[in-house]
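Breakdown of the fold
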Amino acid sequence: MATSARTKHLKALGLPDTADDASIKKAFRKLALMYHPDRNPTNVEEATERFKQINEANTYLTSAAGRVRTPPAPEPTPARPPPRRRPPAPHRPPPSEKPKPKPTEEEADLKRAQRHHAAAEARRQVQERETRRRASAAAARKREADDLAAQMAANEKRQNDRQRKDS
């Protein structure tokens, strides 16, 4: 009975008996859009009936009763063994090695001074970039103001010339 019901519902969706879940879903969406009553205002009764059949078929086929029970396919064996992984790098020295001695006071001061110098150099570079950016923006504003002043002067000259012509 289950096989004939499955076949009946598959035929309602226009699918063969060997259809899988993906093709069932695709066919349902396509037919549901095609026969939705809102998309068929000329023959609503026929579209509604067909839409109900399609919906019933999809509901049955996506339920546990309508699905075909097939054993899962065995996983293919790899053709070659996976590549060897490198062992992780040790994050601590092995106990047999001696740990590094603590830096002396002078070495610590030197490192601190180097870090301070690097930070000061980075701040100086940022300040230089900001100064260049500001200068560039100011120059652009000045060019824009000069162009505007030149346009205004040209317009004023044209107006004066027109007034002389008219008089």
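See the structure shown above.
Residues numbered from 1 in each chain as written. Predicted model: local features only at pLDDT ≥ 70, side-chain atom pairs only at ≥ 80, totals over all residues. Heavy atoms only, no water.

Okay, the packing of aromatic side chains next. Summed over the entire model, instances satisfying the criterion amount to zero aromatic pairs. Above the ring of Tyr35, the side-chain terminus of Arg50 is found at 5.2 Å from the ring centroid. (Phe/Tyr/Trp six-rings, centres within 6.5 Å; stacked < 30°, edge-to-face > 60°. Lys NZ or Arg CZ within 6 Å of the ring centre and 35° of its normal.)

Where helix α2 (residues 21-35) meets helix α3 (residues 44-62), the axes come as close as 9 Å, and the angle between the chain directions of the two elements is 165°. The angle between α2 and α3 falls in the class roughly antiparallel. Note that α2 runs across α3; the crossing there is left-handed. Packed against α2, whose contacting residues are Ile24, Phe28, Leu31, Ala32 and Tyr35, the element α3 presents Ala47, Arg50, Phe51, Ile54, Asn55, Asn58 and Leu61 at the interface. Taken together, the residues of the contact of α2 with α3 break down into nine nonpolar, two polar and one charged. (Axes fitted to C-alpha atoms, helices over the stretch in contact; angles between N-to-C directions. Helix = DSSP H or I, 4+ residues; strand = E, 2+ residues; numbered from the N terminus. Parallel < 35°, antiparallel > 145°, perpendicular 65-115°, else oblique. Left-handed = near helix turned anticlockwise from the far one by under 90°. Contact = heavy atoms within 4.5 Å. Nonpolar A, V, L, I, M, F, W, Y, C, P; charged D, E, K, R; others polar.)

A side chain with one charge may pair with a side chain of the opposite charge, provided their charged atoms come close. This structure, assessed with the given rule, holds seven salt bridges. Ionic pairing is found between Asp146 and Lys142, a salt bridge with its closest N-O pair at 3.2 Å. Of this pair, Asp146 and Lys142 both sit in helix α4 (residues 105-166), four residues apart, which is roughly one turn of the helix. By relative accessible area, which is 42% here, Asp146 ends up partly exposed. A relative accessible area of 51% places Lys142 in the exposed class. Overlapping salt bridges bring together Glu121, Arg124 and Glu128 as one network. (Salt bridge = Lys/Arg side-chain N within 4 Å of Asp/Glu carboxyl O. Buried < 20%, exposed > 50% of the residue type's maximum accessible area, 1.4 Å probe, protein only.)

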